[in-house]
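# A structural walkthrough
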Amino acid sequence: MTNNLFQKLWSSHIVREEADGTALLYIDRHFVNEVTSPQAFEAVKKKGGKIWRIASIVATSDHNVPTKGRNTLIRDDLARLQIQTLEKNCEDNGIFAYPMNDIRQGILHVVGPEQGQTLPGMSIVCGDSHTSTHGAFATLAFGIGTSEIEHVLTTQCLVFAKPKTMLISIEGNLQRGVSAKDLILFILRKIGSAGAAGYAIEFAGEVIARMSMEARMTICNMAIEAGARIGLIGVDDTTVDYLRGRPFSPKGKEWDNAITYWKTLFTDPGSCFDKKIIINANLVAPQISWGTSPDMVIDVNESIPDPLLQDDRVRRESITRALDYMQLKSGQKLTEVYLDKIFIGSCTNSRIEDLRAAAAIIKGQKIAQNIKLALVVPGSGLVKAQAEAEGLHQVFIDAGFEWREPGCSMCLGMNDDRLSAGERCASTSNRNFEGRQGPRGRSHLVSPQMAAAAAIKGHFTDVRLLFV
Ligand SMILES: CC(C)[C@H](C(=O)O)[C@@H](O)C(=O)O
Ligand code: SF4
């Protein structure tokens, strides 16, 4: 019998399955952050419950940690309280946590894989929608809400409705200067922000096979922006090589056994999917989001769409509203629009490869006069240290960027790093909703290369031209 990767992962975690496909799943790994866990811990305590499997939990604060001045008091009361509460909950329950000043601290979706706490075959949950990132390692990984966190804490299980399966196969070659981020933005634009709702997506094909784990994580990270709670990629040598020698990866005989199992985690040839999509990578240009949803995207050289040309009324209205919010006009080119801030970071694009790609473009140049603030926020303390060892930090600093401590930072306005009203930002993050990076702020989602080039020019530019 042939099974696709999702079916293999699903069936190996079922505790009980109902006829309609809803199942009680066993959870192997529970990542916990400061924002969505306090009420869950509180509820467990109130009900006199016990945490079922403490060793499955890994915690760190990432959303509202400051990215500078970490040794001074955090000014925002809520942020301070949430961080302190997480620390206390972990201490009281003996839970493994990376404190804010630990070099291993960072965004959970960067830290888990980096430490080998994300391993193929696991079921993984976290009170955060971008948990789909971990699916790049052939894990059944998805975001959950606060009441579900409580459920997992006390039972190690979770009820989950079985999703349908979608295969997105990416063939051909990505052009030079076009990255995994452009590819996933291109896919979002093709299938829409609800195009994969109710599905688990598997990304496959020759382009994925050639990609690094960092790039694969960028792809799976944004599966949720297409409505899929799960994004998956099968295990191959790249997966195994990435995990070899990581602090929490299995060692010795256990490593050998693990590889034997991991190598079964791929879609059997001839397996069925509920839906299949083929993408020609050769057609992908550098992408820029122009609107207030991650599927409102155009090629770098395209013009902003005209709402009047849309047949669908809802679509027409949402484009009109987005253009108004973004203060853009149909027919306009984004290469002509000046930017105020640059953000290179987030769980989508803050890994070492992302920083290398951005630094390669910036090297020896200065940020444009009109850029008020350009931030580079590494995804973890270890990414930061690696970048410093390679001298990348100096490239950024010399150009006029600020080099910060790891965290979610300007990806969302939950800490001091924000857009002010009306400011326009080139951002390597994953969401461009109204007010996402600060009230009335305007976000354009791009790749690290595109953000780097925009910092130098002061506006967007086609990075492919920098490589000829
Ligand atoms: C705050 C958190 C719950 C949220 C999420 O679930 O994704 C955040 O990380 C985001 O990116 O919007
Ligand atoms: S970096 Fe952004 S998308 Fe990722 S977990 Fe943090 S806030 Fe969410």
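Chains are numbered independently. Their residues run from 1 in the order of the written sequence. Written order decides the labels, with chains lettered from A and ligands numbered from 1. Since the coordinates come from a predicted model, pLDDT governs what is reported: local features require at least 70, and pairs of side-chain atoms require 80 or more to be given and counted, while whole-chain, interface and lining totals use all residues.

### Observations concerning the overall build of the protein
To keep it simple, the criterion reads: Here a strand is any run of E in DSSP of at least two residues, a helix any run of H or I of at least four, and the numbering for each starts at the N terminus. A radius of gyration in this sense is built from C-alpha atoms; the matching globule rule multiplies 2.2 Å by the number of residues raised to 0.38. Buried residues are those with 20 or more other C-beta atoms within 10 Å of their own C-beta, exposed residues have 12 or fewer, and partly exposed residues lie in between; C-beta atoms are placed from the backbone.
Each helix and strand counted, the protein has 15 helices and 19 strands in total. Its C-alpha atoms give the protein a radius of gyration of 21 Å, near enough to 23 Å, the size a compact globule of 468 residues would have. Expressed along its principal axes, the backbone C-alpha trace of the protein runs to roughly 55 × 55 × 45 Å. The buried share among the 468 residues of the protein stands at 52%.

### Considerations on the sheet that holds strand S18 (residues 424-427)
Threshold: Any two strands between which DSSP finds at least two bridges are classified as paired.
Pairing in this open sheet of five strands is parallel, and the strands run S17-S16-S15-S18-S19 from one edge to the other. Of all strands in the sheet, those bounded by a partner on one side alone are strand S17 (402-403) and strand S19 (442-445). As defined by bridge partners, strand S15 (residues 341-344) adjoins S18 across three bridges and the pair is classed as parallel. Among the inter-strand pairings, Ile342 is bridged to a residue of S18, identified as Ala426.

### Structural notes on the site of ligand 1
This is how it is decided: By definition, a residue lies near a molecule or strand when the C-beta atom built from its backbone is within 6 Å of it. Think of it as three bins: nonpolar holds Ala, Val, Leu, Ile, Met, Phe, Trp, Tyr, Cys and Pro, charged holds Asp, Glu, Lys and Arg, and polar takes everything else, Gly as well.
The local shell around ligand 1 consists of Val35, Thr36, His63, Asp128, Ser129, His130, Gly143 and Leu412. Of the residues that constitute the shell around ligand 1, the class distribution is two nonpolar, five polar and one charged.

### Overview of the domain arrangement of the protein
As a reminder of what qualifies: Throughout, the edges of the domains are those of an automatic or database domain assignment. Once C-beta atoms have been placed from the backbone, residue pairs whose C-beta atoms lie within 7 Å are recorded as contacts.
Under the domain assignment used here, the protein contains domain 1 (5-275) and domain 2 (286-467). For domain 1 and domain 2, the distance between their C-alpha centres works out to 24 Å. Facing the 41 residues of domain 1 at the interface are 41 residues of domain 2. Elements supplying a minimum of two residues to the side of domain 1 that touches domain 2: helix H4 (108-115), helix H6 (180-191) and helix H8 (213-221). If you tally residues by element for the side of domain 1 that touches domain 2, the top one is H6, at six residues. Of the residues contributing to the side of domain 1 that touches domain 2, the split by class is 13 nonpolar, 16 polar and 12 charged.

### Here's the deal with the site of ligand 2
Taken together, Asp62, His63, Ile107, Asp128, His130, Ser346, Cys347, Cys408, Cys411, Leu412, Ser429 and Asn430 form the complete shell of residues around ligand 2. Taken together, the residues of the shell around ligand 2 break down into five nonpolar, five polar and two charged.

### Some points on the sheet that holds strand S12 (residues 275-280)
For clarity, the threshold we go by: Only C-alpha atoms enter the line fits that serve as axes; for helices the fit covers just the stretch in contact. Angles between N-to-C directions range over 0 to 180 degrees.
Strand order in the open sheet formed by four strands is S11-S10-S9-S12, with parallel pairing between adjacent strands. The open sheet is flanked by strand S11 (230-232) and S12, the only strands paired with a single partner. Each strand of the sheet is rotated relative to its neighbour by a mean of 20 degrees, with strand direction disregarded. Bridge count between strand S10 (residues 199-204) and S11: three bridges; the pairing is parallel. In the strand pairing of S11, Glu202 is matched with Leu232.

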